[in-house]
Amino acid sequence: MLCHGGSLGINDQGVLLIGPGGSGKSGTTLAGISHGLQTVGDDYCLIDPVEAIAFPLYQIIKQDPKGFERLSSEIADIHSLQVNWQNKYEVHRRLFKSDPFIGALKIKALMLLKIKDAKVCSLKTSTPGEAMKAWALSSSFQLPDHEKESIAYISDLCKRLPVMEITLSRDD
């Protein structure tokens, strides 16, 4: 199943980062990579809904210029990069000093990302319903083929896996 979500993990196990476009999936993925975590992707991945395993689709990380500046120390050839049509840098796997991509990641939890005007980031338990609203809506709008099957798989994963909500502070 094609999924609109990012991932972070270690030792072949990790979390799926979910939320609508602009919720911080790419920035959170890059922050995790900068601290030694691995990924199968920051925006889209393939999910085996039965086994809850994520696989890479694209082996690039996208980030806006402001976020990219904070994490540019992870990039080997920073001067070769230019922004794309979305005003984001696309960092290909081969440009990282240490390759953060892995072939598969067993998903152990869903992390619902929300950007708010908080002074600090926070983490709390959330519900399958909240994850379903964010993930199904985002995936069905961005990935319109086979909506019924995708929503059924998403619903099942939201019920089976723990759901946490991460409130991210803004970088102004």
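This write-up is about the structure you can find in this document. (Residues numbered from 1 in each chain as written. Predicted model: local features only at pLDDT ≥ 70, side-chain atom pairs only at ≥ 80, totals over all residues. Heavy atoms only, no water.)

For the rest of this paragraph, the subject is the nonpolar core. Among the nonpolar cores identified, the biggest contains 22 residues, and Leu16, Ile18, Cys45, Ile47, Ile107, Leu110 and Trp135 are the most heavily contacted of them. Contributing elements (two or more residues each) for this core: β3 (13–18), β4 (44–48), β8 (105–116), α3 (128–142) and α4 (147–160). When neighbours within four sequence positions are excluded, Ile107 is seen to be in contact with Gly14, Val15, Leu16, Ala52, Ala54 and Leu161. Grouped together as the second largest cluster of nonpolar side chains are 11 residues, Ile33, Ile61, Val91 and Phe96 included. (Core = buried A, V, L, I, M, F, W, Y, C linked by side-chain atoms within 4.5 Å. Buried < 20%, exposed > 50% of the residue type's maximum accessible area, 1.4 Å probe, protein only. Helix = DSSP H or I, 4+ residues; strand = E, 2+ residues; numbered from the N terminus. Contact = heavy atoms within 4.5 Å.)

In a regular helix each residue adds 1.5 Å, so 14 residues correspond to 20 Å; α4 covers 20 Å between its end C-alpha atoms and thus fits that length. If you check which residues of α4 are buried, you get Ser150, Ile154, Ser155, Leu157 and Cys158. Viewed end-on, α4 has its buried residues packed into an arc of 165°, placing them on one side of the element. Facing away from the buried side of α4 by more than 90 degrees, the exposed set consists of Lys148 and Lys159. (Expected span 1.5 Å × (residues − 1). Arc of directions from axis to C-beta.)

Moving on: the pairing of strand β6 (residues 60–63). Across the two faces of β6 the burial is the same, with Ile60 and Lys62 and Ile61 and Gln63 all buried. One ladder, built from four bridges, connects β6 with strand β7 (residues 89–92); its direction is antiparallel. Residue pairing for β7: Ile60 is matched across the bridge by His92. (Pairing = 2+ DSSP bridges.)

Don't take any of this as a statement about function, it's just geometry.
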